[in-house]
Amino acid sequence: QVQLVESGGGLVQAGGSLRLSCTASKSIFRIDAMGWYRQAPGKQRELVARITNGGTTNYADSARGRFTISRDNAKNTVYLQMNSLKPEDTAPYYCYADETTWATRAWGQGTQVTVSS
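What you see is a predicted model, and the numbers here were worked out from it, not measured in a lab.

Asker: Break down the overall build of the protein for me, citing the residues and quoting the values.
Answerer: The helix and strand tally for the protein stands at zero helices and eleven strands. The globule rule puts the C-alpha radius of gyration for 117 residues at 13 Å, and the 13 Å found for the protein is close to it. By principal-axis analysis of the C-alpha atoms, the protein measures approximately 40 × 25 × 25 Å. Out of the 117 residues in the protein, the part that is buried amounts to 42%. Counting contacts in the protein only where the partners sit at least 6 residues apart, residues at least 24 apart contribute 54% of the total. For the protein, the accessible area works out to roughly 6,300 Å², and carbon and sulfur atoms hold 47% of it. Within the protein, the 9 negative side-chain charges are centred at a point lying 2 Å from the centre of the 13 positive side-chain charges.

Asker: Describe unusual backbone geometry, listing the residues and the values that go with them.
Answerer: Of note, Asn76 is a non-glycine position whose phi angle comes to about 55 degrees, a positive value. Mapped onto the elements, Asn76 comes out in the loop between strand 7 (67–72) and strand 8 (77–82). Its identity as a non-glycine residue notwithstanding, Ala103 has a phi of 55 degrees, on the positive side. Relative to the assigned elements, Ala103 resides in the loop between strand 9 (91–99) and strand 10 (104–107). When its relative accessible area of 71% is taken as the criterion, Ala103 is described as exposed.

Asker: Give me the lowdown on the nonpolar core, citing residues and values where you can.
Answerer: Judged by nonpolar contacts, the single largest core of 31 residues is most densely connected at Leu4, Met34, Trp36, Phe67, Leu80, Met82 and Tyr93. At the level of secondary structure, the elements contributing two or more residues to this core comprise strand 3 (18–24), strand 4 (33–38), strand 5 (46–52), strand 7, strand 8, strand 9 and strand 11 (111–116). Other than its neighbours up to four places away in sequence, Leu80 contacts Leu18, Arg19, Leu20, Trp36, Val48, Ala49, Phe67, Thr68 and Ile69.

Asker: A description of the sheet that holds strand 3 should follow, citing residues and the corresponding values.
Answerer: Spatially, the four strands line up as an open sheet ordered 1-3-8-7, and their pairing is antiparallel. Of all the strands in the sheet, just strand 1 (4–7) and strand 7 have a single pairing partner and so form its edges. Geometrically, the sheet is characterised by an average inter-axis angle of 15 degrees between neighbouring strands, direction not taken into account. One ladder, built from six bridges, connects strand 7 with strand 8; its direction is antiparallel. Note that in strand 8 the partner of Ile69 across the bridge is Leu80.

Thresholds applied
- Residues numbered from 1 in each chain as written.
- Predicted model: local features only at pLDDT ≥ 70, side-chain atom pairs only at ≥ 80, totals over all residues.
- Heavy atoms only, no water.
- Helix = DSSP H or I, 4+ residues; strand = E, 2+ residues; numbered from the N terminus.
- Rg over C-alpha atoms; globule rule 2.2 N^0.38 Å.
- Buried < 20%, exposed > 50% of the residue type's maximum accessible area, 1.4 Å probe, protein only.
- Contact = heavy atoms within 4.5 Å.
- Areas by Shrake-Rupley, 256 points an atom, 1.4 Å probe, with all protein chains shown as cover.
- Lys, Arg positive; Asp, Glu negative; His and termini not counted.
- Charge placed at Lys NZ, Arg CZ, Asp CG, Glu CD.
- Core = buried A, V, L, I, M, F, W, Y, C linked by side-chain atoms within 4.5 Å.
- Pairing = 2+ DSSP bridges.
- Axes fitted to C-alpha atoms, helices over the stretch in contact; angles between N-to-C directions.

Interpretation note: all reported values are geometric properties and have no functional meaning in isolation.
So this is what it looks like as structure tokens:
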């Protein structure tokens, strides 16, 4: 059972950048996929980005070209670099990890991203 700790949220002006981090309690080499969801006020939960243990990445249309997800296996950490932030990016962001062998999903505690206009 993996535990996730995430950080990196904060308050930035439009056009600014943030980097979110999600650190797992065990080697992410054995985790099938990790990524972030967000849920802005009044909107449904949205998958922002994900990365598989093979390196394949996926992005929401709203994030593609501005956000980059990456991983550092030695640090058991996945990063979400967010550039050119917009007010509509404002939301709590929740890291997740899928272990398909055990059919389980773990969640981080969430980190708030707020972008002012």
